[in-house]
Amino acid sequence: MSEESKDKFKIFSLNGNRPLAEKIADVCGVPLGKSTVKQFSDGEISINLEETVRGYDVYLVQSTNEPVNDYYLELLIMIDALKRASAKTINVVLPYYGYARQDRTAKPHEPITAKLIANLLSDAGATRVLTLDLHTVQVQGFFDIPVDNLFTMPLFAHYYRRRGMVGDDYVVVSPKNSGVQRARSLAEYLDTAIAIVDVAEEGNPDSGYVIGDVEGRCCIMVDDILNTGEVFSNASKTLRKAGAKEVVACASHGLLSPPAKENLDAADIKDICITDSVLTGPERHPKKLSIISCSDLMGEAVKRIHENESVSPLFTMEQKDFK
């Protein structure tokens, strides 16, 4: 980013994922803005901006993983603080959009919480949202402000290509029938076929079966959210029963909620790759875990947004292509 572009430009971080925020700021060539975030003894959140933002384009990095409610309230309070301090624009950088899975009324009388969150962010004063691998891309339509949704498939494609995992000896697998588009996208990068793991009886993982040919091949499972690890664990068993040579897995957001470590350590999965969109402690990490950074991707997007350049080339740009 040019010195002229850095003028009136600041990046702040809240508590959700400060290490990623520091990497994004480094990509942009600026230090993180100074602020204080603390909780009173009764749990109330207090935020103080320690430098001026008047007339600045501000980028606010916050991942909304566990504790999701605290992190969202931090975000809303910080947006309000920036608005009252006369920031020119307030651009929310959400590496992980919590509540995105609640995007429809699957049962009668259920809320659409993903839409509620969109309303809260807009009403608080956010002027733009930059996020990564929404659970469903339609969530963008819940906002009345611009939303840029980046994709992790180019990052995973680069990860597997470096290991020579391309061609007919490999197959990209969706571990559930709702993730076919994601699997197809990665398969196009790796020039492989795709397969789907489906379950005949809900609640009975042993009834799973494979749609597609995996016999004698290495299977690359791909999903957007890795939570307790049950989906990957059950799907890996089904793939091995169907004759898969070996199984690896990748997921955009590694929440790794207990008992994910136990489930994944016990699973017949050779390697599990996630991004650093979510910050988790090493005590939650399974033994076979690899973490790749989304900081170059998100940092490049921040630079392009600030300099009024197109973000769309980043939808297909691989790690090696970043400046």
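Only a predicted model underlies this, so the values are computations on that prediction, with no experimental measurement involved. (Residues numbered from 1 in each chain as written. Predicted model: local features only at pLDDT ≥ 70, side-chain atom pairs only at ≥ 80, totals over all residues. Heavy atoms only, no water.)

1. Considerations on empty space enclosed by the protein
Definition in use: Definitions used throughout: a 1 Å grid over protein atoms alone; a cavity as a set of points that fits a 1.4 Å probe which cannot get out; a pocket as an open set with protein on both sides within 12 Å along at least five of seven lines; a lining residue as one with an atom within 4 Å of a point. Grid points are joined across faces, edges and corners, and a volume is the space filled by probe spheres set on the points. Here the nonpolar group is Ala, Val, Leu, Ile, Met, Phe, Trp, Tyr, Cys and Pro; Asp, Glu, Lys and Arg are the charged ones; every other residue, Gly included, is treated as polar. All the domain ranges listed were derived from an automatic or database domain assignment.
As enumerated under the stated definition, the model contains 1 cavity of 30 Å³ or more in all. A volume near 60 Å³ is recorded for the largest cavity. Lining the largest cavity are 13 residues, with Y96, Y97, A100, H135 and I225 positioned closest to its centre. Taken together, the residues of the lining of the largest cavity sort by class into 7 nonpolar, 3 polar and 3 charged. When residues of the lining of the largest cavity are assigned to domains, at least three map to each of domain 1 (7-149 + 294-313) and domain 2 (151-291).

2. Side note on the packing of helix 5 (residues 153-161) against helix 6 (residues 180-190)
Rules: Axis definition: a line fitted to C-alpha atoms, limited for helices to the stretch in contact. Angles are taken between N-to-C directions and run from 0 to 180 degrees. Strands here mean DSSP runs of E at least two residues long; helices mean DSSP runs of H or I at least four residues long; both are numbered from the N terminus. With respect to orientation, any angle under 35 degrees is reported as roughly parallel, any angle over 145 as roughly antiparallel, any angle of 65 to 115 as roughly perpendicular, and every other angle as oblique. By convention the crossing between two helices is left-handed if the near helix lies anticlockwise of the far one by an angle smaller than a right angle, and right-handed if it lies clockwise. By definition, residues are in contact when any of their heavy atoms lie within 4.5 Å.
As a packed pair, helix 5 and helix 6 sit with axes 9 Å apart at the nearest point and diverge in direction by 45°. By the angle class used here, helix 5 and helix 6 are oblique. Seen from above, helix 5 lies across helix 6 with right-handed handedness. Judged by residue contacts, M153, P154, F156, A157, Y160 and R161 of helix 5 engage R182, S185, L186, Y189 and L190 from helix 6.

3. Let's talk about the nonpolar core
Here is the rule: Only buried residues count toward a nonpolar core. Its members are Ala, Val, Leu, Ile, Met, Phe, Trp, Tyr and Cys residues joined through side-chain atoms within 4.5 Å. Note on exposure labels: buried denotes an accessible area under 20% of the residue type's maximum, exposed denotes more than 50%, and partly exposed covers the range between, all computed with a 1.4 Å probe on protein chains only.
Within the largest apolar cluster, 44 residues are counted, with the highest numbers of intra-cluster contacts made by I11, L150, Y160 and L186. The biggest single contributor to this core is helix 5, with 6 residues. Excluding anything up to four places from it in sequence, Y160 contacts M165, L190, I220, V248, A249, C250 and C273. If you look at the next biggest cluster of nonpolar residues, it comprises 35 residues, including F12, Y72, L121 and F142.

4. Thoughts on the domain arrangement of the protein chain
Definition in use: Simply put, the buried area is the total loss of 1.4 Å probe accessible area from both parts when two parts are fitted together. What makes a salt bridge here is a side-chain nitrogen of Lys or Arg within 4 Å of a carboxyl oxygen of Asp or Glu, nothing more.
Partitioning the protein chain into structural domains gives domain 1 (7-149 + 294-313) and domain 2 (151-291). At the junction of the two partners, domain 1 supplies 20 residues and domain 2 supplies 17 residues. Of the roughly 1,600 Å² buried where domain 1 meets domain 2, counting both sides, 51% is carbon and sulfur surface. When the buried area of domain 1 at its contact with domain 2 is split by residue, Y96, D133 and H135 rank highest and sum to 34% of it. Summed over the shared surface of domain 1 and domain 2, the result is 2 salt bridges. For E66, the salt bridge is made with R284, and the minimal N-O distance between the two is 2.7 Å. Secondary-structure elements contributing two or more residues to the side of domain 1 that touches domain 2 are helix 2 (18-28) and helix 9 (295-306). Of the residues forming the side of domain 1 that touches domain 2, the biggest block, 3 residues, is contributed by helix 2. Classifying every residue of the side of domain 1 that touches domain 2 gives 9 nonpolar, 7 polar and 4 charged.

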